[in-house]
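What follows is each chain in one-letter form.
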Amino acid sequence: MEAKLKTIILNAKKYNRRCDVKKITKAFEVAKKYHEGQLRKSGEPYIIHPLETAIILTSLQSDDDTICAGILHDVVEDTECTAEEIRQNFGQDVCDLVEGVTKLGKIQYSDKQESQVENYRKLFLAMAKDIRVIMIKLSDRLHNMRTLKHVKPEKQQRIARETLEIYAPLANRLGIYSIKWELEDLCFMYLHPDKYEHILKAIAQKREQREKFIEDIKLELKKHLTKARIECEIKGRPKHFYSIYRKMEKDNKTIDQIYDLFALRVLVSSVKDCYAVLGIVHELYTPMPRRFKDYIAMPKPNMYQSLHNTLIGKDGVPFEVQIRTYDMNRVAEYGIAAHWAYKEGKKIKDEAEEKMGWIKQSIEWQNDTQNEEEYINKLKIDLYEDQVFVFTPKGQIKSLPRGSNAIDFAYSIHEQVGHKMMGAKINSRIAPISQLLHNGDIVEIITSDNQKGPSMDWLKIVKSNQARNKIQQWFKKEKREENISRGKELIEKEMKRIGFEHADLFKDAWINIVLDRYKYNSLEDMYSSVGFGAISPVKIISRLLEEYRKVNTEFEIEKKIEELKKAKVDNKKVSKSGIIVKGIDNCLVKLSRCCNPIPGDEIVGYITRGRGVSVHRKDCLNVKDLENNEENRMIEVEWFKAPNVSYTADIEVHANDRRGLIVDYTTAITNAKANILSISARTTKDRIAITNLTVEVATIEELDKVIRAIRKVDSVYEVIRSKG
């Protein structure tokens, strides 16, 4: 234990000569005292864990308070030590950090969306208060993952899934790649052990060949850079297993087709030298088209900067080169942690806090979101999405989620620019506001004071949370009365659907509980939120039903449910096609040929002229035209679980042309227990084989099984189900 303390102090002194050795030693003594007698699952003394956490924190060049909090992070939660004792001995900063980590320690992974929302809220609130809390939590989680072999397999799976879905993306968003990569590889090892082992063996088989390939390029590049008088450090960069796996899955490639298994990193002293190295690299090797990325001119939101390029080496083998300065490399390794560096004894936080403005932005839209599904989707955009970098006419860089358009850009400038937007110029040309933006585009927003506000349709095409949130806020404010009226109507409709009257559920005490739960100031606010679509009427009624059950016996509730079921059975008539048309008995029903819906698809009915009701998938291309032209002829329909009924589905498969494709398709479909009704195929000039298949299945699950089977066929890169 004392040896680990010595390691912590030696590591800290490497980047901070003035580190407070007495304070760190005292933290060790307090933690050792309170953890005395506690053991981990591995059987080793518990104190080892907080010390290892602190060692990881020193690898991120953390300050003294963060190191002390890392050593003490479990004492308040797991021992008799109090927060007040921590404050008296180590100061308010350390106390706040320990309490912050303690609160995060209560987060439990759950597949239930509502529980997960609360967990995410806690994480973001902790980050907004002090980003160092997350640095400690990430270091704590990394050591737990390193020792995960000592817990039961089911717990290994749960912790690994939680880490991969929450903590690894957070490390990525904070730019702490040294932790992100290790977390992902450890999660991959526990979640997909067979695939992990396959990649491990495949890489080990060619290790000598790969090392010689990299060494030859290093020597050649070093010779030319020395000749050009550029001082540099060149080293091989290992490709992380999870990254390889994701590329193989995403692009349907084998390990031999992953370009950057062979990789070099060149470190130089200045930005000027970065571009000089790039020029020399291009003279020596042929660059691959569309594989160059300049993150120096356009840094990632997490402050990452580097030049990336993929080139063709000896014998046509591709390899990747990353070129960056030593300072850029430090930020690439430590991310936000790099900005807690020491300069003349003072912490430099201003730039870090400015760069992490997205956290505060995230807090704002969290507070406006009651719909759990919407919140999770927004969060995934913030954590997982790639970015696109575009410019204002004055040259200011704006970072937006990939898939953004001019509307997202307008709202990134200011909400009033978005509200008054009437058009856009992209690269000096008038363009549709829905046109997707690409890296390097110069965007100019055309505004007008006569513009009354955004269109509701914009919500369907914007990508960024900022734009979506501002548009929603505008409609909430401008159409409040309309939303209140619609909200009342939707809630009444939902109550009637489940067989309850308004007086059954709308008790003053129960309503107040709902208003408090979802943070509404008044009943009108709740109705407005339902009418606008921020929260579903089902969620409101479900919460009221919880209170209803507390004062009604189980017998009375069951009796009401049975009455409702009987009423529903009596009112529903099932067509031969397994479709229930709501409100209509004994009508002709047919499944449309344009999209071939099957059980599990979301469907809608259309009353035809003289041919009964035609049933389409909701995503059918023809439905939009029918809704626009004949809105009053759309009707609600639903599936009925009819036994021994089969349905047809059309699939289009794109693959690199080769012999035996059709045979492989039929084998895959047969193995998936489905019947093939027809096959047609053609080959393009680019040798792309396009095959149209019609298969017979009973449910959407069976169709998904067929599609997955086809995707596994060699050379296939895209499988599409026809939308009509």
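Our structure's up above, just so we're on the same page.
Residues numbered from 1 in each chain as written. Predicted model: local features only at pLDDT ≥ 70, side-chain atom pairs only at ≥ 80, totals over all residues. Heavy atoms only, no water.

Visitor: So what about unusual backbone geometry? Which residues, and what values?
Guide: Within the chain, Lys 519 stands out as a residue other than glycine whose phi angle is a positive 60°. Relative accessible area serves as the criterion here: at 64%, Lys 519 is assigned to the exposed category. We note that Lys 673 has phi near 65°; this positive angle belongs to a residue other than glycine. Along the chain, Lys 673 falls in the loop between helix 31 (661-671) and strand 21 (675-683). (Buried < 20%, exposed > 50% of the residue type's maximum accessible area, 1.4 Å probe, protein only. Helix = DSSP H or I, 4+ residues; strand = E, 2+ residues; numbered from the N terminus.)

Visitor: Provide a residue-level description of the nonpolar core, including the pertinent values.
Guide: One finds Ile 71, Leu 72, Ile 86, Leu 138, Met 145, Ile 179 and Ile 199 to be the most contacted residues of the largest nonpolar core, which totals 73 residues. With eight residues, helix 10 (residues 153-173) is the largest single contributor of residues to this core. For Ile 86, the contacting residues outside a window of four places in its chain are Leu 72, Val 75, Val 76, Cys 81, Gly 91, Val 94, Cys 95 and Val 98. Counting residues in hydrophobic clusters, the runner-up holds 34 residues, among them Ile 598, Val 637, Ala 668 and Ala 689. (Core = buried A, V, L, I, M, F, W, Y, C linked by side-chain atoms within 4.5 Å. Contact = heavy atoms within 4.5 Å.)

Visitor: Please set out helix 16 (residues 326-334) residue by residue, giving values where relevant.
Guide: Those residues of helix 16 lying buried are Met 328, Asn 329, Val 331, Ala 332 and Tyr 334. On its buried side, helix 16 packs onto helix 3 (48-59), helix 11 (177-191), strand 2 (263-268), helix 15 (271-284) and strand 6 (318-325).

Visitor: Would you mind going over the packing of aromatic side chains in detail, with residue names and values included?
Guide: Enumeration according to the criterion identifies twelve aromatic pairs in this entry. Centroid distance Phe 213 to Phe 319: 6.1 Å. Interplanar angle 75°. Geometry classified as edge-to-face. On the criterion of sequence distance, the pair formed by Phe 213 in helix 13 (residues 207-227) and Phe 319 in strand 6 is long-range, its members being 106 residues apart. No difference in accessibility class separates Phe 213 from Phe 319, as the two residues are buried. Through pairs of rings, three or more aromatic residues link up here, namely Phe 188, Tyr 196, Phe 241, Tyr 242 and Tyr 245. Its end group placed over the ring of Phe 90, Lys 26 keeps NZ or CZ at 5.8 Å from the ring centre. (Phe/Tyr/Trp six-rings, centres within 6.5 Å; stacked < 30°, edge-to-face > 60°. Lys NZ or Arg CZ within 6 Å of the ring centre and 35° of its normal.)

Visitor: Which residues make up the environment of Ile 607, and what are the values?
Guide: With respect to the element layout, Ile 607 can be found in strand 16 (residues 603-607). A C-alpha to C-alpha distance of 9.9 Å links Ile 607 and Leu 588, two positions 19 residues apart in sequence.

Visitor: Which residues make up the side chain of Ser 448, and what values do they have?
Guide: The topology assignment puts Ser 448 in the loop between strand 13 (443-447) and helix 22 (458-461). Given a relative accessible area of 17%, Ser 448 falls into the buried group. Beyond its immediate sequence surroundings of up to four residues, Ser 448 is in contact with Lys 420 and Met 422.

Visitor: Which residues make up the pattern of salt bridges, and what values go with them?
Guide: Across all of its chains, the model carries 22 salt bridges by this definition. Taking the shortest distance from any N to any O, the salt bridge between Arg 40 and Glu 44 comes out at 3.8 Å. The closest approach of N and O atoms between Arg 132 and Asp 63, which form a salt bridge, is 2.8 Å. With a gap of 69 residues between them, Arg 132 in helix 9 (residues 132-146) and Asp 63 in the loop between helix 3 and helix 4 (64-72) connect regions that are remote in the sequence. Of the two residues examined, Arg 132 and Asp 63, each falls in the buried class. Taken together, the shared-partner salt bridges connect Asp 63, Asp 93 and Arg 132 into one network. (Salt bridge = Lys/Arg side-chain N within 4 Å of Asp/Glu carboxyl O.)

Visitor: Lay out the pairing of strand 20 (residues 647-656) with the relevant residues and their values.
Guide: Here strand 20 runs beside strand 22 (residues 688-697); their pairing, made up of ten bridges, is antiparallel. Counterpart to Thr 648 in the pairing with strand 22 is Glu 696. Across five bridges, strand 20 lies against strand 23 (residues 716-721) in antiparallel orientation. When the sheet's bridge partners are listed, His 654 is paired in strand 23 with Glu 718. (Pairing = 2+ DSSP bridges.)

Visitor: Describe the sheet that holds strand 18 (residues 634-635), with residues and values.
Guide: Ordered by their spatial adjacency, four strands build an open sheet running 15-17-16-18, and the pairing between neighbours is mixed. The open sheet has two edge strands, strand 15 (589-591) and strand 18, and neither has a second partner. In this sheet, strand 17 (residues 613-617) lies alongside strand 16 in antiparallel orientation, the contact comprising five bridges. Bridge assignment links Ile 603 to a residue of strand 17, and that residue is Arg 617.

Visitor: Break down helix 32 (residues 700-711) for me, citing the residues and quoting the values.
Guide: Its twelve residues give helix 32 an end-to-end C-alpha distance of 16 Å, which sits within 8% of 16 Å, the value for a rise of 1.5 Å per residue. What helix 32 keeps buried is the set Ile 700, Leu 703, Val 706, Ile 707, Ala 709 and Ile 710. Residues of helix 32 that are buried in the fold lie against strand 20, helix 31, strand 22 and strand 23. (Expected span 1.5 Å × (residues − 1).)

Visitor: Would you mind going over the sheet that holds strand 23 in detail, with residue names and values included?
Guide: Read across the open sheet, the four strands follow the order 21-22-20-23; overall the sheet is antiparallel. Here the strands that pair on one side only, and so sit at the sheet edges, are strand 21 and strand 23. Strand-to-strand twist of the sheet, defined as the mean angle between neighbouring strand axes without regard to direction, takes the value 20°. Its contacts with the sheet put helix 32 on strand 20, strand 22 and strand 23, and the angle it makes with strand 23 is roughly 160°. (Axes fitted to C-alpha atoms, helices over the stretch in contact; angles between N-to-C directions.)

Visitor: Hey, could you go over the packing of helix 26 (residues 508-517) against helix 28 (residues 537-551) for me, with residue numbers and the actual values?
Guide: The interhelical angle for the contact between helix 26 and helix 28, taken along N-to-C directions, is 135°, at an axis separation of 10 Å. When the axis of helix 26 is compared with that of helix 28, the two are oblique. Crossing of helix 26 over helix 28 shows right-handed handedness. Contacts between helix 26 and helix 28 involve Trp 510, Ile 511, Ile 513, Val 514 and Arg 517 on the former and, on the latter, Ile 540, Arg 543, Leu 544, Glu 547, Tyr 548 and Val 551. Per-class residue counts for the contact of helix 26 with helix 28 are eight nonpolar, no polar and three charged. (Parallel < 35°, antiparallel > 145°, perpendicular 65-115°, else oblique. Left-handed = near helix turned anticlockwise from the far one by under 90°. Nonpolar A, V, L, I, M, F, W, Y, C, P; charged D, E, K, R; others polar.)

Honestly, it's all geometry; don't read function into it.
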